[in-house]
Protein chains: 2
Amino acid sequence: MTDVIFPRIALIGLGLIAGSMSLAARRAGVVEQVVGTARSPETRAIAAEIGLCDVVVDTAAEAVKDADLVVLAVPVGAMGAVAAEIGPHLKPGATVTDVGSVKRAVIDTVTPHIPDGVHFVAGHPLAGTEHSGPRSGFAELFDNRWCLLIPPADGSGAEPAAKLQSLWEAMGANVEMMDADHHDQVLAVTSHVPHLIAYTMVGVADDLGRVTDSEVINFSAAGFRDFTRIAASDPTMWRDVFLNNKDATLEILGRFTEELFALQRAIRTGEGNVLHDYFTRTRAIRRGIVQAGQDTDAPDFGRGVQGEKKE
Amino acid sequence: MTDVIFPRIALIGLGLIAGSMSLAARRAGVVEQVVGTARSPETRAIAAEIGLCDVVVDTAAEAVKDADLVVLAVPVGAMGAVAAEIGPHLKPGATVTDVGSVKRAVIDTVTPHIPDGVHFVAGHPLAGTEHSGPRSGFAELFDNRWCLLIPPADGSGAEPAAKLQSLWEAMGANVEMMDADHHDQVLAVTSHVPHLIAYTMVGVADDLGRVTDSEVINFSAAGFRDFTRIAASDPTMWRDVFLNNKDATLEILGRFTEELFALQRAIRTGEGNVLHDYFTRTRAIRRGIVQAGQDTDAPDFGRGVQGEKKE
């Protein structure tokens, strides 16, 4: 059997990621007790009802008492307030981590509230669905996904970081250590700007009175359908991502519109070879992703095969 | 048993759509013989080897001989040349259709080559994957997908259009009749501009020397991963789409950049409520798509469940 890594884990926030962590950690048998809390009484009631954690308590201060690992699983904009609330109640020797999509801003806002003798190792599991809330978690969410960990820049926290890595690996993830600023730049390209673009495209479709809603919905082919899935993600989480990774997001957005305008001009002037060359180049990166095991090569994700025949 | 709808079908072009049509029509038992051809000798050899059609012939002129239905399944930019080639060889009373993603330009270029006594009913199945070529087809591709048909604007062709509708329904699709210009506007929103945006985003990621390729690939979370799938579509097909649906594409692109700039400004100025309101609105359209049965509600498309654990 696997050894227990952190006997008592406290989850602050009980949404998709925290719920999946509870289910995955218990599946792996690497934790003795999961204590959870959430700001909303309704969320706490649902979590208790479905047994998402071993114990659900009313406050973050109460949850972190005697916890060996505390996971901040709230929107990035709420991290500072939660850290301030739990700081005085953390057990000496405990480890604190988070699951936010932005790392520099979280580290800057959380670290001042972490007492001596407690380590903050920031984290970001690259996994998610369009669903949110306490009912959305599932134990397989992190299987074969990446989790990026950011150990303290001063070189402390190597041991807690190694334990946290073991936990994530036990929950199914692959782990890589990374610098906070580098994380924010990479994620601006691979996640933050793509989400903003998807939100925008869905908003444009929604705006167009000329194209009626039912047509946009009925005839949403592959491209737009994927965009709507991305654009259905949690609004609060994403608002906080953009406000807290402003510089990298704006820089990548600048690059994006520059290239988009070049393609737009090629369409206007009928330069087919420019378009063809561009589209050929982008095919290669997809092959790399499939080969890297981050996605399936099944046609249409096998949608046609499983449960798609609704009337 | 189902009745035969078109005894002999000729497929010009043997890529993803034509191959899937052959497999789906034979699965349904609504055709006696499928004759196929493709410009490339290699494609024809593969099609013959895997039995994609009943007969593979070398030229389009030969393929359409005695065919009751001729399907133009070549890139939009090649439709005119193929129509000119087959025009003199079409059987009186035959029906010609196509599967191009743009309809006005195809109708304008094909119709002059259609002889009296032959009907051209343009079509567009809203189905596809990132794969292309003769090995990419599968019989389930059109199951519960939409196929849009454009009967001749002069009111002729009602009977061939009804037969073509029956064929598509037998192949699993839902059919709607639509005007060509309206089709091109709707598809600009739901498919063409989303594809251009996805191509651009993947191109930007590829350009950034600062973010190494392997990182972009390894850490491609949901947003970017979906974009790469879209951007891996056939370059020739998409070049022709943009060149042949120029006006609608440029108009929607203008709307898109206008809205993107508004969100970009909100990020720069820290107007969180603007972002939150926008992201909340886009969630609703996704719910509509899931309810309309055009996509599955399974978390992460069930990727975590089926065949995702590659090493």
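Above: the structure in question.
The rules behind the values
Residues numbered from 1 in each chain as written. Chains lettered and ligands numbered in written order. Predicted model: local features only at pLDDT ≥ 70, side-chain atom pairs only at ≥ 80, totals over all residues. Heavy atoms only, no water. Contact = heavy atoms within 4.5 Å. Buried area = accessible area lost by both parts, 1.4 Å probe. Salt bridge = Lys/Arg side-chain N within 4 Å of Asp/Glu carboxyl O. Helix = DSSP H or I, 4+ residues; strand = E, 2+ residues; numbered from the N terminus. Nonpolar A, V, L, I, M, F, W, Y, C, P; charged D, E, K, R; others polar. Buried < 20%, exposed > 50% of the residue type's maximum accessible area, 1.4 Å probe, protein only. Axes fitted to C-alpha atoms, helices over the stretch in contact; angles between N-to-C directions. Parallel < 35°, antiparallel > 145°, perpendicular 65-115°, else oblique. Left-handed = near helix turned anticlockwise from the far one by under 90°. Pairing = 2+ DSSP bridges.

Before going further, it helps to examine the interface of chain A and chain B. Of the residues lining the interface, 112 residues belong to chain A; the matching set on chain B comes to 111 residues. Here chain A meets chain B over a buried area of about 11,600 Å², counting both sides, of which 64% is carbon and sulfur. Remark: the boundary between chain A and chain B carries zero salt bridges. Among the elements of the structure, β8 (146-150), α7 (180-207), α8 (213-218), α9 (222-230), α10 (235-244), α11 (246-269) and α12 (272-291) of chain A are those that each provide at least two residues to the side of chain A that touches chain B. The leading source of residues in the side of chain A that touches chain B is α7(A), at 21 residues. Residues that form the side of chain A that touches chain B fall into these classes: 51 nonpolar, 32 polar and 29 charged.

Residue and element names in this part refer to chain A. Relative to the assigned elements, leucine 52 resides in the loop between α2 (41-49) and β3 (55-56). On the accessibility criterion, leucine 52 (4% relative accessible area) is buried. Sequence separation between leucine 52 and alanine 139 is 87 residues; the distance between their C-alpha atoms is 11 Å. Ignoring any residue separated from it by four or fewer positions in sequence, one finds leucine 52 in contact with Leu14, Gly19, Ser22, Leu23, Arg26, Ala47 and Pro134.

Before going further, it helps to spend a moment on the packing of α11(A) against helix α11 (residues 246-269) of chain B. The geometry of α11(A) relative to α11(B) is characterised by a closest axis approach of 11 Å and an angle of 165° between their N-to-C directions. If you check the angle between α11(A) and α11(B), you find them roughly antiparallel. The hand of the α11(A)/α11(B) crossing is left-handed. Residue-level inspection shows A:Lys246, A:Thr249, A:Leu250, A:Leu253, A:Phe256, A:Thr257, A:Leu260, A:Phe261, A:Gln264, A:Ile267 and A:Arg268 of α11(A) in contact with α11(B), the latter providing B:Lys246, B:Thr249, B:Leu250, B:Leu253, B:Phe256, B:Thr257, B:Leu260, B:Phe261, B:Gln264, B:Ile267 and B:Arg268. Residue composition of the contact of α11(A) with α11(B), by class: 12 nonpolar, six polar and four charged.

What follows deals with the sheet that holds strand β2 (residues 33-37) of chain B. Residues and elements named next belong to chain B. Taken in spatial order, the six strands make up an open sheet running β3-β2-β1-β4-β5-β6, and their pairing is parallel. A single partner strand is all that each edge strand has here, and the edge strands are β3 (55-56) and β6 (119-120). Where β2 and β3 come together, two bridges link them in parallel fashion. Its bridge partner being in β3, glycine 36 is matched across the sheet by valine 56.

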